[in-house]
Amino acid sequence: MASYLYYLLPAVGGYALTSLFFLKNPHILHKKKQTAFYCTHISHRGGCGEKIENTMEAFTHAVEMGTEMLELDCHLTKDGHVVVSHDENLLRQTGQDLNISSLNLEELPPYNETLEVTFKTGHFSTGSDRNLALLEDVFRKFPHIAVNIEVKENNSLLIEKISDLVKKYNREAISVWASVDSTIMENCCKTNSSMPYMFTVKRGLMLLLLYYTGLLPFVPLGESFLQFYLPQIINREYIPEMWIMRSRLVVFLIQRLTLRKGMFKHLRDRGIQIHLFVCNKEEDIKTAFAAGATGLMSDYPTLLSNYIRRHTQDTGPKIAISKEAIRRR
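Residues numbered from 1 in each chain as written. Predicted model: local features only at pLDDT ≥ 70, side-chain atom pairs only at ≥ 80, totals over all residues. Heavy atoms only, no water.

Some points on the overall build of the chain
Scanning the chain from N- to C-terminus turns up 12 helices and 11 strands. Counting only C-alpha atoms, the chain reaches 75 × 45 × 40 Å along its principal axes. Counting the 329 residues in the chain, one finds 49% classified as buried. Look at the contacts in the chain between residues 6 or more apart in sequence, and 66% of them connect residues 24 or more apart. If you sum the accessible surface of the chain, you get close to 16000 Å²; carbon and sulfur atoms cover 57% of it. When the 38 positive and 35 negative side-chain charges of the chain are each reduced to one mean point, those points stand 10 Å apart. (Helix = DSSP H or I, 4+ residues; strand = E, 2+ residues; numbered from the N terminus. Buried < 20%, exposed > 50% of the residue type's maximum accessible area, 1.4 Å probe, protein only. Contact = heavy atoms within 4.5 Å. Areas by Shrake-Rupley, 256 points an atom, 1.4 Å probe, with all protein chains shown as cover. Lys, Arg positive; Asp, Glu negative; His and termini not counted. Charge placed at Lys NZ, Arg CZ, Asp CG, Glu CD.)

Focus on the pairing of strand β2 (residues 69-76)
With respect to burial, β2 is a largely interior element, 8 of its 8 residues being buried. Residues of β2 alternate between two faces, with M69, E71, D73 and H75 on one and L70, L72, C74 and L76 on the opposite face, all of them buried. When strand β1 (residues 41-44) meets β2, the two strands line up parallel, connected through 3 bridges. Across the sheet, residue S43 finds its bridge partner in β2, namely L70. With helix α2 (residues 56-64) bridging β1 and the parallel β2, this β-α-β connection has right-handed handedness. Of the pairings in the sheet, the one linking β2 to strand β7 (residues 146-150) comprises 5 bridges and is parallel in character. In the strand pairing of β7, M69 is matched with A146. Two strands pair when backbone bridges link them, and β2 and strand β3 (residues 82-84) are joined in this way by 3 bridges, in the antiparallel orientation. When the sheet's bridge partners are listed, L76 is paired in β3 with V82. Connecting the antiparallel pair β2 and β3 is a turn made up of 5 residues, with G80 showing a positive phi of about 90°. (Pairing = 2+ DSSP bridges. Right-handed = clockwise from strand over helix to strand, strands pointing away.)

Thoughts on the UniProt feature "transmembrane region" (unreviewed entry) in the chain
Under the feature "transmembrane region" (unreviewed entry), the UniProt entry names residues 6-23 and 204-222. Helix makes up 53% of residues 204-222 and strand 0%. Its end C-alpha atoms lie 12 Å apart. (UniProt positions renumbered as here; feature names shortened; annotations may be inferred.)

Side note on the packing of helix α7 (residues 201-213) against helix α9 (residues 261-269)
Look at α7 against α9: their axes get within 11 Å of each other, and the N-to-C directions meet at 110°. The angle between α7 and α9 falls in the class roughly perpendicular. Side by side, α7 and α9 meet where L207, L208 and Y211 of the first sit next to G262, M263 and L267 of the second. Tallied by class, residues from the contact of α7 with α9 come to 5 nonpolar, 1 polar and no charged. (Axes fitted to C-alpha atoms, helices over the stretch in contact; angles between N-to-C directions. Parallel < 35°, antiparallel > 145°, perpendicular 65-115°, else oblique. Nonpolar A, V, L, I, M, F, W, Y, C, P; charged D, E, K, R; others polar.)

Quick notes on the layout of surface pockets
Space inside the largest pocket adds up to approximately 1400 Å³. In terms of lining residues, the largest pocket is bounded by 44 residues, among which V180, V201, F228, Y229 and F277 are the most central. Listed by contribution, the elements that provide at least two residues to the lining of the largest pocket are β2, β7, α7, β9 (225-229) and α8 (248-258). In terms of residues, the lining of the largest pocket owes the most to one element, α7, which gives 5 residues. Here the lining of the largest pocket is built from residues that sort into 26 nonpolar, 9 polar and 9 charged. (1 Å grid on protein atoms, 1.4 Å probe; cavity = no way out; pocket = protein on both sides within 12 Å on 5 of 7 lines; lining within 4 Å. Points joined across faces, edges and corners; volume = space filled by probe spheres on them.)

Observations concerning unusual backbone geometry
Between F277 and the following residue, V278, the backbone shows a cis peptide bond with an omega angle of -5°. Along the polypeptide, V278 turns up in the loop between β10 (273-277) and α10 (282-291). The residue N170 is not glycine, and still its phi comes out positive at about 55°. Positioned with a positive phi, N235 is a non-glycine residue whose angle comes to about 75°.

Describing the packing of aromatic side chains
Summed over all chains, the structure comprises 11 aromatic pairs. Pairing F119 with Y229 gives two aromatic rings, centres 5.9 Å apart and planes at 40°, and the pair type is tilted. One end of the pair, F119, is in the loop between β4 (114-116) and β5 (124-126); the other, Y229, is in strand β9, and 110 residues separate them in sequence. Given a relative accessible area of 28%, Y229 falls into the partly exposed group. Consider the rings of Y229 and Y238, whose centres lie 4.7 Å apart with planes at 20°: the pair is stacked. For Y238, a relative accessible area of 23% gives the class partly exposed. Grouping aromatic residues by their ring pairs yields a cluster made of F119, Y229, Y238 and F277. (Phe/Tyr/Trp six-rings, centres within 6.5 Å; stacked < 30°, edge-to-face > 60°.)

So this is what it looks like as structure tokens:
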């Protein structure tokens, strides 16, 4: 046994030191990703805490407040229009139990006059605009704002139409494929490989495995964005459907396993941006930036802008709104 240890311990030690060296110096093995944009301020559902979610009024308000990326979801109407909506079924948003896919564009009902903020229970948003927006209208009005497009269903026609709109408006460099499902993401990237994309849940778990086994520095990564919930908001701002996720111990372990400054720094050094969501309180914003996030999603664009403005001199991770965004305000 001792003879095995004689060879095993130096080998394990050498591997650990080599892995640590390349973890801290990824530029030796990997070319740094160059994305067309860097975003710190991201508006979740267009900033749905201040205006009704995913409306043109919400998007306009968020951009005026300095957001650098709009996060949204898309679905396809019966007559083939790409509509911006978080849900396929409109009951929560409009009070009518209808699916977008079963309706023509002109048949879509308006949003309720007030809408509860999903990640801030008991708080409601309102606004003068109650119409579901078209993705094309978003692209047309905000040609230079990055858009994070989440696809929730493996609908090839929907994905193709999104891709066609991205190409039509010459936005491939500033439009991001987003999905938690690896099968959907494969379809998205196959349809338009020029768009940057995020880690799915499966790929995110693989990322953690690579990090904890020391293999991460040696593995190429195609993704440009890592996006996931800030664990401390789970069960406080967001109640998951899975019963196991409602355990405080499980959430604590997830936080300890995922918010790793060494992993985040390695990803940043490789040009991969880290976005944490949904940060609707200053304490969450502070925690996310302290962990090493490069960008935050919030339902409250004004809150996030004010926080960033007050902390632009921080010595930690870069916390700054672009000059272009400041001019817009």
